[in-house]
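Letter by letter, the chains look like this.
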Amino acid sequence: MNSDNILVAMQAAGRPLSDLVGVPQRGIGRLATARLLTDKATRDQIVLFEPALAPFLRRIVRGVDIHPWYCEPSRYLVVLPPGWSAGADVHARQAWEYLAQRCPPLHRHLAPAATRKTCDVAWWEFPDCDLTPFAQARIVWPAASMTQRYALTDPGCLVGPGACHIPASLFLLGVLMSRLGWLAVTAMGRVGQVYRLAPEQIGRVPIPEATENERAAIEALVQRIVDLTRERVALERQFTRRLLRDFGPPGATPGACLERWWELDFAALRQAVAARFGGDIPARFREQWQAQHADAIVRRAALSDARALAEATMDARVALLYGVDPQGTMML
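Residues numbered from 1 in each chain as written. Predicted model: local features only at pLDDT ≥ 70, side-chain atom pairs only at ≥ 80, totals over all residues. Heavy atoms only, no water.

A. Quick look at the overall build of the protein. A tally of regular secondary structure across the protein gives 12 helices and 15 strands. Every one of the 332 residues in the protein was classed for burial, and the buried ones make up 45%. Partitioning the contacts of the protein with sequence separation of at least 6, the portion at a separation of at least 24 is 71%. On the protein, roughly 16,700 Å² of surface is accessible, and the fraction owed to carbon and sulfur atoms is 53%. (Helix = DSSP H or I, 4+ residues; strand = E, 2+ residues; numbered from the N terminus. Buried < 20%, exposed > 50% of the residue type's maximum accessible area, 1.4 Å probe, protein only. Contact = heavy atoms within 4.5 Å. Areas by Shrake-Rupley, 256 points an atom, 1.4 Å probe, with all protein chains shown as cover.)

Right, here's the structure in full:
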């Protein structure tokens, strides 16, 4: 059964996503300035000086933060409501001066952008915008991608430029991340080396009917996949941090090679450490590090195998809902 016939079968077995959850939405549009985004260290410094600002520095997921089954927001967005700096009736020039007195760390962070902005508009205050949908978790994906990347956000996390979103649902996440879910998306068109994942296109993905038990089974599989993914990411990050702590200078980063330490044998790991940090793993620590490296590789492989099995089972269950067997042929 070719992909066109499979897509026809999928459309016959389901309803468009937009019919179920409404039209998917793009994330918050272009910001007045990139300075409205901060890293965690800057955010913590601002909140330490002015704790009342904590609710107005919100984590934000951008397209680059989204990975298969998980996202890693690394930035916070300043969402000061209009008039926060000095009141609604105060001229922007005065409001900017008041901000410097009220919260110097935030003012310092924003100051480089002030030279490029008009003083007639309080550009550092966020325009009236309905942020209530982000109080709950969302399914997010990049607006364009070469690969399948859908994930769940945490409640309260904003969705920013380069990303799209719908209300969170483990069942819908499973369908979208399934093999057939990706087939439906890729059949809609490719631009260069990437697939466009615009809201109107994702909104046309057919979602199959499912009984309560069928939905529950897929949701349980998706939750397991998400948990395994998070555990694997935590393992990867933990081992990388240990490399940096033991061998890297303060502020060092691992680089592309050491970031994928599980692809290296121990001899290659030693070479990568020497190339990145200017020195081999000391002889007295090599046996210990070799054992730790081997153990981490085994544990990561076990997590990957368990996730692959859960994904295959999920793919099979989703295929059956569409009336397509796991081998891609029409069911009678």
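After that view of the structure, there is still more to cover.
B. The arrangement of the sheet that holds strand E14 (residues 194-196) in detail. Across the sheet, three strands lie side by side as E9-E14-E13; this open sheet has antiparallel pairing. Edge positions in the open sheet fall to strand E9 (144-145) and strand E13 (190-191), since each of these has one partner strand only. Sheet topology places E13 next to E14; two bridges connect them, and they run antiparallel. The residue of E14 that forms the bridge with Arg190 is Tyr195. (Pairing = 2+ DSSP bridges.)

C. Up close: the side chain of Thr38. As for its position among the elements, Thr38 is in strand E3 (residues 37-38). Thr38 gets classed as buried once you look at its relative accessible area, which sits at 1%. Ignoring sequence-local partners within four residues, the contact set of Thr38 consists of Arg43, Ser74, Arg75, Tyr76, Val78 and His109.

D. Structural context of the environment of Val175. Looking at the secondary structure, you find Val175 in helix H6 (residues 170-177). On the accessibility criterion, Val175 (0% relative accessible area) is buried. Sequence separation between Val175 and Ala319 is 144 residues; the distance between their C-alpha atoms is 9.2 Å. Setting aside its immediate chain neighbours within four residues, Val175 contacts Gly181, Ile207, Pro208, Val318 and Tyr322.

E. Molecular detail of the pairing of strand E4 (residues 57-61). Of all five residues making up E4, four are buried, and the element is well covered by its neighbours. With two bridges joining them, E4 and strand E11 (residues 158-159) adopt parallel strand pairing. Each bridged residue has a counterpart across the sheet, and for Ile60 the counterpart in E11 is Leu158.

F. Spotlight on the layout of surface pockets. In this structure, the largest pocket encloses a volume near 590 Å³. At the level of elements, helix H9 (212-247), helix H10 (255-259) and helix H12 (283-322) are the ones that each hand at least two residues to the lining of the largest pocket. In terms of residues, the lining of the largest pocket owes the most to one element, H9, which gives seven residues. Partitioning the lining of the largest pocket into residue classes produces seven nonpolar, two polar and eight charged. (1 Å grid on protein atoms, 1.4 Å probe; cavity = no way out; pocket = protein on both sides within 12 Å on 5 of 7 lines; lining within 4 Å. Points joined across faces, edges and corners; volume = space filled by probe spheres on them. Nonpolar A, V, L, I, M, F, W, Y, C, P; charged D, E, K, R; others polar.)

G. The state of the cysteines, seen in detail. Counting across every chain of the model gives zero disulfides. This cysteine, Cys71, is not joined by any disulfide, and Cys157 carries the nearest cysteine sulfur, 6.1 Å off. A relative accessible area of 17% places Cys71 in the buried class. Cys164 takes part in no disulfide bond, and the closest cysteine sulfur to it belongs to Cys71, at a distance of 14 Å. (Disulfide = S-S within 2.5 Å.)

H. Spotlight on the environment of Phe171. Take Phe171: it is sitting in helix H6. Looking at Phe171, the relative accessible area reads 0%, which means it is buried. Setting aside residues up to four positions removed in sequence, Phe171 forms contacts with Ile207, Pro208, Ala210, Arg215, Ile218, Glu219 and Leu321.

I. Here's a closer look at the packing of H9 against helix H11 (residues 266-277). For the pair H9 and H11, interaxial distance at closest approach is 11 Å and the crossing angle is 55°. Considering the angle they form, H9 stands oblique to H11. Between H9 and H11 the crossing geometry is right-handed. Counting all contacts with H9, which are made through Leu243, Leu244 and Phe247, the residues of H11 involved are Leu269, Val273 and Phe277. (Axes fitted to C-alpha atoms, helices over the stretch in contact; angles between N-to-C directions. Parallel < 35°, antiparallel > 145°, perpendicular 65-115°, else oblique. Left-handed = near helix turned anticlockwise from the far one by under 90°.)

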